[in-house]
Amino acid sequence: MDPVTVFGPDFPFPYDEWLAHPAGLGVLPPEAHGREVAIVGAGLSGLVSAYELMELGLRPVVYEPDGIGGRLRSHRFAGADGVIAELGGMRFPVSGTSFYHYVDRLGLASAPFPNPLTPAAGSTVIDISGETHYARTLEELPPEFAAIATAWEAALEEIGFTALQTALRERDTATLKRLWDALVPVWDGRTFYDFLASSQAFADLPFRSREVFGMVGFGTGGWDSDFPNSMLEILRVVLTECDTDQRYVVDGVEQLPRGLWTLPVSERSPWPAGTTLASLHDGRVPRPGVARIRRGTSQGAGATHAFDVTDRWGTTRTHDAVVATCQAWLLTTQIDCEESLFSQDLWMALDRTRYMQSSKTFVMVDRPFWKDIDPVTGRDLMSMTLTDRLTRGTYLFDNGPDRPAVICLTYSWMSDALKMLPYSVDRRVELALDALGKIYPGLDIASHIVGDPVTISWEDDPNFLGAFKGALPGHYRYNRRMYTHFMQAAMPPEERGIFLAGDDISFTPAWAEGAVQTALNAVWGVMTHLGGHAPAESPGPGDRFAELAPIDLGD
């Protein structure tokens, strides 16, 4: 059976095949070599677009207000070499084949992520409504949980899930688009909760079943924070198996964007051997964060519509194109972006983007004590934990029996994340330990904590304003406007040359694969904007756009 990959479904273009083709992504005319492209943001999407544009012979100039990595942020605990906490993205589905193209290119190792009820987790505890259940597999849980899992699968089948996923597996573009395009107008205006409540499968079960599903879910954990989201967004996740078979990057995923920063160009590139993004930047670090973007008053080298980009310290540089990979809201809150650069329809889409809150709190502990066996129960002292209490999700990371370990005490979203927002890291730890103490009475977790805890609330970070996009009902049109912005031939001249990228521009927000795919769209856009083209034997996303374009619902 063919593997499931993030192949569409909205725009089923084979990004992994385009990346792997020996001819490369494309070529530019010699007179375009060395022309500057501003990259706004040094997260994964920014570094992928910068690296691939450098490969083509352009000079990317990366602007970053904080540090390389974006939401791929790996915190290294002091005094413990190699012991990390992933404050942003931490689990990466194997279906994200374009993401793993770069993981493999850099030789990074990965391992199964300890999701609930997986071998990597060892054991799982589900604590809900004051009742605690211990299991290693779904079959060991009470029958109620199996019935809910079965209902979830049956509900998906009511809208043709298997046929959709089979077409996706086989990369049967015609069938996939026919099936998916029929679902978009039906489900764009309906929530995830509406899907559950109106399905025949859940109608036959009591309300508690939806309640438990929201708290526990299947795959990565609870789903209730997504209940208000468009069902299309959830369907994409399960269809592409983003919620299952996930891995983490050993020694920290921040190695990926940092590795791209120092990765030399290939032998195909017009740049001299050994050229890196770092070597193209004065001081080997990105430029300061962007404060203003304007249509240029002077002409770049051969450019007809250059851009003036001003950093936070007032230095202005002229660039021939711009790739904006920052969160969309920053183009109206942090960056003074000339209004005429985007259509009013696109500004509407950018402003209506809705970001989800997310909070994590980690502690380093002296050892993976949770593997000790309770002599009374014969069970692990502690397990990967899903609960309706304040902590919601607790994950355990083992670095070996003789090394410090890490506990993600709490990983929560939306209203649960907002409950933590006002508090210091120490208070967050106290709240989490109090909640876990009710699940594991008698277990002194605090006695194992070493070093300083670390926490993050992405909505409180001025460079992000939220963790990731969560599309609401009716947002499909907005998403399509943002995603298809790289197709600029029909735009007025004053709107051309600035391109959007990032997971919030994609149809799969929160997943690194969406960041990579939209970066590659922007690379194709910049390449063609500056007179280049993809190889005839390996057309790019824009070359196949007319064939594969996301369905247009009209206005």
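Relevant structure appears above.
Each residue is numbered by its place in its chain's sequence as written, counting from 1. Per-residue local features of the predicted model are confined to residues with pLDDT of at least 70, and side-chain atom pairs are confined, for both listing and counting, to 80 or more; whole-chain, interface and lining totals are unaffected and use all residues. By convention in this description, side-chain values take in all heavy atoms of the structure and omit both hydrogens and water.

**Thoughts on the packing of helix H6 (residues 173–187) against helix H10 (residues 231–239)**
Interhelical geometry of H6 versus H10 gives an angle of 145° and a closest axis separation of 9 Å. From H6, Trp-180, Leu-183, Val-184 and Trp-187 reach across to H10, where they touch Met-231, Leu-232, Leu-235, Arg-236 and Leu-239. Residue classes follow a fixed rule: Ala, Val, Leu, Ile, Met, Phe, Trp, Tyr, Cys and Pro count as nonpolar, while Asp, Glu, Lys and Arg count as charged, and any other residue, Gly among them, counts as polar. Classifying every residue of the contact of H6 with H10 by side-chain character gives eight nonpolar, no polar and one charged. Here the axes come from fitting lines to C-alpha atoms, over the contacting stretch only for helices, and the angles between their N-to-C directions go from 0 to 180 degrees. Strands here mean DSSP runs of E at least two residues long; helices mean DSSP runs of H or I at least four residues long; both are numbered from the N terminus. Here, residues are in contact when the closest pair of their heavy atoms is within 4.5 Å.

**Quick look at the pattern of salt bridges**
Here the idea is simple: oppositely charged side chains can pair when their charged atoms come close. Salt bridges, as used here, are contacts in which a Lys or Arg side-chain nitrogen is within 4 Å of a carboxyl oxygen on Asp or Glu. Tallying each qualifying case throughout the model produces 28 salt bridges. Between Asp-461 and Arg-73 there is a salt bridge, and its shortest N-O distance comes to 3.7 Å. Taken together, the positions of Asp-461 in the loop between strand E20 (449–457) and strand E21 (468–469) and Arg-73 in the loop between strand E2 (59–63) and strand E3 (74–76) put the pair 388 residues apart, joining distant regions of the chain. Arg-73 shares its class with Asp-461; the two are buried. Arg-190 is paired through a salt bridge with Asp-194; the nearest N and O atoms lie 2.8 Å apart. Three exposure classes are used, based on accessible area relative to the maximum for each residue type with a 1.4 Å probe and protein chains only: buried under 20%, partly exposed in between, and exposed over 50%. On the basis of relative accessibility, which here comes to 27%, the residue Arg-190 falls in the partly exposed class. Shared partners join several salt bridges into a network, and the residues in it are Asp-224, Arg-392, Asp-416 and Lys-419.

**A closer look at the nonpolar core**
Here, the term nonpolar core denotes a set of buried Ala, Val, Leu, Ile, Met, Phe, Trp, Tyr and Cys residues that are joined through side-chain atoms within 4.5 Å. One finds Leu-44, Phe-99, Trp-152, Phe-192 and Phe-195 to be the most contacted residues of the largest nonpolar core, which totals 132 residues. In terms of residue count, the dominant contributor to this core is helix H17 (residues 512–529) (10 residues). If we ignore the near neighbours within four places in the chain, the residues touching Phe-99 are Leu-44, Phe-92, Val-253, Leu-256, Ala-512, Glu-513 and Val-516. Judged by nonpolar contacts, the second largest core, of 27 residues, contains Val-290, Cys-326, Leu-341 and Ile-505.

**Focus: the sheet that holds strand E13 (residues 321–324)**
Taken in spatial order, the four strands of this open sheet run E2-E1-E13-E22, and their pairing is parallel. The sheet is open, and its two borders are formed by E2 and strand E22 (498–500), each paired with just one other strand. Strand-to-strand twist across the sheet, computed as the mean angle between neighbouring axes with direction ignored, equals 20°. Docked against the sheet, H17 engages strand E1 (36–40), E13 and E22, running at close to 165° with respect to E22. Whether two strands pair comes down to DSSP finding at least two bridges between them.

**Points about the environment of Glu-338**
Here Glu-338 lies in the loop between strand E14 (336–337) and helix H13 (344–352). For the pair Glu-338 and Pro-29, spaced 309 residues apart in sequence, the C-alpha to C-alpha distance is 30 Å.

**So, the environment of Thr-244**
Relative to the helices and strands, Thr-244 resides in the loop between H10 and strand E9 (246–249). For the pair Thr-244 and Phe-113, spaced 131 residues apart in sequence, the C-alpha to C-alpha distance is 9.8 Å.

**Comments concerning unusual backbone geometry**
Trans peptide bonds make up the majority, and among non-glycine residues the majority have a negative phi. With an omega of 10°, the peptide bond between Gly-8 and Pro-9 qualifies as cis. If you trace the backbone, Pro-9 turns up in the segment before helix H1 (15–20). The backbone of Leu-117 shows a phi angle near 60°, a positive value even though the residue is not glycine. Structurally, the position occupied by Leu-117 is in the loop between strand E6 (110–112) and strand E7 (124–128). The backbone phi angle of Ala-510 is positive, close to 80°, even though this residue is not glycine. Checked against the element boundaries, Ala-510 lands in the loop between E22 and H17.

**Some thoughts on the packing of helix H2 (residues 44–55) against H17**
At a closest axis distance of 8 Å, the pairing of H2 and H17 adopts a crossing angle of 35°. Both H2 and H17 take part in a crossing whose hand is right-handed. Only Ala-512, Ala-515, Val-516, Thr-518, Ala-519, Leu-520, Val-523 and Val-526 of H17 make contact with H2, whose side of the interface consists of Leu-44, Ser-45, Val-48, Ser-49, Glu-52 and Leu-53. In terms of residue class, the contact of H2 with H17 is made up of 10 nonpolar, three polar and one charged. Whether a crossing is left-handed or right-handed is set by the direction in which the near helix is turned from the far one by less than a right angle, anticlockwise for left-handed and clockwise for right-handed.

**Here's the deal with the sheet that holds E7**
Pairing in this open sheet of seven strands is mixed, and the strands run E8-E7-E17-E18-E19-E16-E20 from one edge to the other. Unpaired on one side and paired on the other, strand E8 (131–135) and E20 mark the two borders of the sheet. Each strand axis lies, on average, 15° off the axis of its neighbour in the sheet, ignoring direction. As paired elements, strand E17 (residues 384–387) and strand E18 (residues 393–397) share two bridges and run antiparallel to each other. Considered in E18, the bridge of Leu-386 is made with Gly-393. Sheet strands touched by helix H15 (residues 425–439): E7, E8, strand E16 (358–365), E17, E18, strand E19 (405–413) and E20. Its angle to E20, the strand with the most contacts, is close to 105°.

**Some details on the packing of aromatic side chains**
By convention, a stacked pair of Phe, Tyr or Trp rings (six-membered ring in the case of Trp) has centres within 6.5 Å and planes under 30 degrees apart, an edge-to-face pair has planes over 60 apart, and any other such pair is tilted. Applying the stated criterion across every chain, the model contains 29 aromatic pairs. Between Phe-13 and Trp-18, the ring centres sit 5.9 Å apart and the planes meet at 80°, which makes this aromatic pair edge-to-face. Judged on exposure class, the residue Phe-13 and its partner Trp-18 are both buried. For the ring pair Trp-152 and Trp-223, a centre distance of 6.2 Å and an interplane angle of 45° mean the geometry is tilted. Here Trp-152, found in helix H4 (residues 143–157), pairs with Trp-223, found in the loop between helix H9 (207–216) and H10; they are 71 residues apart in sequence, far enough to count as distant. Neither residue differs from the other here; Trp-152 and Trp-223 are each classed as buried. It is Arg-190 that lies over the ring of Trp-187; its NZ or CZ is 4.0 Å from the centre. Two limits define a charge over a ring: the Lys NZ or Arg CZ must be within 6 Å of the ring centre, and within 35 degrees of the ring normal. Positioned over the ring face of Tyr-411 is Lys-360, at 4.6 Å from the centre of the ring.

From the geometry alone we can't say anything about function, so treat these as descriptive.
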